[in-house]
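# Structural characterization, general
Read off the chains here:
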Amino acid sequence: MNSYRTVTLACNKYLIRTCKMVIRSGKTGSICHISRGVASLLTRTHASAPRREAPAPVSDSDKRPNLRAIDLARKIRQEKQNGKATGGGSEAAVPNPSVPVSPLQKRVIELRQFTQQLQNVHPNVLAKHLHRGLILPHPELAVINKPYGVSVQDGSRDKNNITDVLPILAKMMDGIRAGTQLHVCLGLDKETTGTLLLARTEEALAYVQNLHKNHQVERKYWVVAVGVPVPSEGVIDIPVIEREVTGAQPHFKMGLSPVYRVSEGGEGVTKVRANRQAQGAVTRYRVLDSSNGCSLVELQPVTGVKHQLRVHMAYALGSPILGDHKYSHWTKLAPQKLPDGVLRRLGLEQSKARYLPLHLHARQLTVPEFKGQSDITVSCPLPKYFTSTLRRLQIPIPDEKEEE
């Protein structure tokens, strides 16, 4: 027997519909009769209701604890302490230890660390480095070991130069004292390392500059040359002049301006008129040792013309200085072209030769009879990249015990 039940549903506060449901008892199923209006309303309500989505599966990365800012700062600081030789310098980036590095990449990173570690550091850091390299603590003079890649005077793109940090260096040498000054007596190029003479008083500065003007200050340089000069010892007396090089990359270079030329028959030389703009340049040289197509040469400039040593080595002797990318070619600006045997010894390929620094080191400085006293002679140790190159080329290092 069927029983009927009437159910009144309140669909909303303005609409009330009556739904009659017929429930048949004693059967497995049930039949429900709903009016058309209620059915359409329920259909629209069901379609517009937001569906509850299943929760996304939790990944392993979401299970990790959140990294705090202080933890990240400690991690970066630890990586810098483990990988960087000095602070600053985006070029000397710390390699990721988890990424495999080839011997060639390792060699390039090593050269960058040797040569690009002081260009963009804080001035106090540069001053401390120079103070550690103080060689001659004299009452009126001082000699410091100039690092590679740092300009002596302002005018380069780098953040630092030695002249700007001299006041800081003076306070480190003499303590915080009013009137303390340092002056550069004899400058060095940005890529040259070694002895840099400073004066503590203006009187000493004028005295040394007068000696240098009269060619009385003796300076000796050590260079690694590509090739072996012949003869092994001699004097180069060829004027130097600045010339414009035309072509795809117009630029200026110092070049030779000889006053003699070979005669047409090739049996002698003929003197020619000297160029008025040329400057007389005289360099003494001596080969100290050689191996594997390279040599260690001692140079003593008698005159002080711009880039005199580099020009005489490259164009007069035909043995350019290793890492001299400017004077290894005359008609173009390009990395130095090196023999395959030299590249193998240096652990490089020709495509990476541009990372080789200039191997020009101001080894020794002698100031004769400074104010009636005895001669002042100072020697400066070789930089690390210089000694590393000599060992790779199997060239014995003179006074190696002193270098160590």
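About the cut-offs
- Residues numbered from 1 in each chain as written.
- Predicted model: local features only at pLDDT ≥ 70, side-chain atom pairs only at ≥ 80, totals over all residues.
- Heavy atoms only, no water.
- Helix = DSSP H or I, 4+ residues; strand = E, 2+ residues; numbered from the N terminus.
- Buried < 20%, exposed > 50% of the residue type's maximum accessible area, 1.4 Å probe, protein only.
- Contact = heavy atoms within 4.5 Å.
- Pairing = 2+ DSSP bridges.

Turning our attention to the environment of V143. Along the chain, V143 falls in strand β4 (residues 141-146). What makes V143 buried here is its relative accessible area of 1%. Measuring from C-alpha to C-alpha, the distance between V143 and G133 comes to 8.6 Å, with ten residues separating the pair along the chain. Ignoring sequence-local partners within four residues, the contact set of V143 consists of G133, L134, I135, L136, T195, L196, L197, L365 and V378.

Counting buried residues along strand β10 (residues 251-256), five of its six residues qualify, which places the element largely inside the surrounding structure. Of the strand pairs in this sheet, strand β9 (residues 240-245) and β10 are connected by six bridges, and their pairing is antiparallel. Pairing of E244 across the sheet is with F252, part of β10. The hairpin turn running from β9 into β10, its antiparallel successor, is five residues long, and G247 in that turn takes a positive phi close to 140 degrees.

What follows deals with the pairing of strand β6 (residues 193-199). Working note: regular strand, side chains alternate between the two faces of the sheet. In terms of residue burial, β6 counts as a mostly covered element, since seven of its seven residues are buried. In terms of strand pairing, strand β5 (residues 183-186) meets β6 through three bridges, oriented antiparallel. Each bridged residue has a counterpart across the sheet, and for H183 the counterpart in β6 is A199. The hairpin formed by β5 and β6 contains six residues between the paired strands. In this structure, β6 lies alongside strand β15 (residues 360-367), joined through two bridges in parallel fashion. Counterpart to G194 in the pairing with β15 is A362.

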